[in-house]
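# Notes for the structure review
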Amino acid sequence: EYVGPTIGNEGVTFIAVNQFDVWDLNAYEGFNMTQLKFYPTHQGTGAEAIFTLVIYENDQLVYSQPITNSTMNNWNIITLDTPYEIDATKILRFGLQIEHSADDAPILIDYGPGVAGKGDIYSEDGGLSWNTLESQGFYGSWAISGVVINPIAQSKVNLEGDIVGYGIYRDG
């Protein structure tokens, strides 16, 4: 079980994303994001939060997928209905839109230290403007990660660059 502080927004829908700038993405040009991993929680007396997977290029929402079944207090891996191809010429933000009750804190952050402007980005206005958790006194990163695949080598990589699997082929 993952342990860390939980974050809510007093019932106001918010978007929690990781952000990668163009210089962060050079090595991932043309890779396909195929999965999103996140750690939802439920702590209030109201209904469980509603999560939607979102991807932004620059400030434009380019992908949205409702998450219909999530397991609280556990890592969830969501496969994108359509793989998203990374365009390394644009800022990439990926994560979750979260609708929740006022007494719930539906998503975890790690204990940090976070990297301000990377793993701690959020919006309270539907993605029109972005802020950091650090600016609010929280020093961690969202418990959210993306899985990308190199379509040429068929290797699976997380956006921090660690190889987590290979496609092995035999010639002949």
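Refer to the structure presented above.
Presented here is an overview of the structure given in this document. (Residues numbered from 1 in each chain as written. Predicted model: local features only at pLDDT ≥ 70, side-chain atom pairs only at ≥ 80, totals over all residues. Heavy atoms only, no water.)

## Looking at the overall build of the protein chain
Using the following cut-off: What counts as a helix is a DSSP run of H or I of at least four residues, what counts as a strand is a run of E of at least two, and both are numbered from the N terminus. Note on exposure labels: buried denotes an accessible area under 20% of the residue type's maximum, exposed denotes more than 50%, and partly exposed covers the range between, all computed with a 1.4 Å probe on protein chains only. Contacts are residue-level and defined by heavy atoms, with any inter-residue pair within 4.5 Å sufficient.
Of the regular secondary structure elements, the protein chain holds 1 helix and 13 strands. Traced from its N-terminal end to its C-terminal end, the protein chain shows the element sequence β-β-α-β-β-β-β-β-β-β-β-β-β-β. The buried share among the 172 residues of the protein chain stands at 45%. A separation threshold of at least 6 residues defines the contact pool for the protein chain, and within that pool the share at least 24 residues apart is 77%.

## Digging into the packing of aromatic side chains
Applied cut-off: Only Phe, Tyr and Trp rings are paired, with Trp represented by its six-membered ring, and only when their centres lie within 6.5 Å; those with planes under 30 degrees apart are stacked, over 60 edge-to-face, the remainder tilted.
Per the counting criterion, the structure on display carries 6 aromatic pairs. Between Tyr 28 and Phe 31, the aromatic rings sit 5.5 Å apart at their centres with planes inclined by 90°, giving edge-to-face as the arrangement. Phe 31 carries the same exposure label as Tyr 28, and that label is buried. Geometrically, the ring pair formed by Tyr 39 and Trp 75 is edge-to-face, given 5.4 Å between the ring centres and 85° between the ring planes.

## Thoughts on the side chain of Thr 52
Structurally, the position occupied by Thr 52 is in strand β4 (residues 50–57). The exposure class assigned to Thr 52 is buried, which follows from its relative accessible area of 13%.

## Comments concerning the pattern of salt bridges
Our working rule: We count a salt bridge whenever a side-chain nitrogen from Lys or Arg sits within 4 Å of a carboxyl oxygen from Asp or Glu.
For the structure shown, the criterion picks out 5 salt bridges. Across the pair Arg 93 and Asp 59 runs a salt bridge, and its minimum N-O distance is 2.8 Å. A residue pair is termed long-range when its members are at least 10 positions apart, and Arg 93 in strand β7 (residues 92–99) and Asp 59 in the loop between β4 and β5 (60–67) qualify at 34 residues. With a closest N to O distance of 3.7 Å, Lys 90 and Asp 87 form a salt bridge. By relative accessible area, which is 28% here, Lys 90 ends up partly exposed. When salt bridges that share partners are traced, they join Asp 21, Asp 24 and Lys 118 into one network.

## Section: the sheet that holds β5
Test applied: Two strands pair under a simple rule: DSSP has to find at least two bridges between them.
Spatially, 6 strands are ordered β5-β4-β7-β2-β9-β10 in an open sheet, and the strand pairing comes out antiparallel. At either end of the open sheet lies a strand with only one pairing partner, and these are β5 and β10 (131–132). Relative to strand β9 (residues 121–123), strand β2 (residues 14–20) runs antiparallel, the two sharing 3 bridges. Within β9, the residue paired with Val 17 across the bridge is Ile 121.

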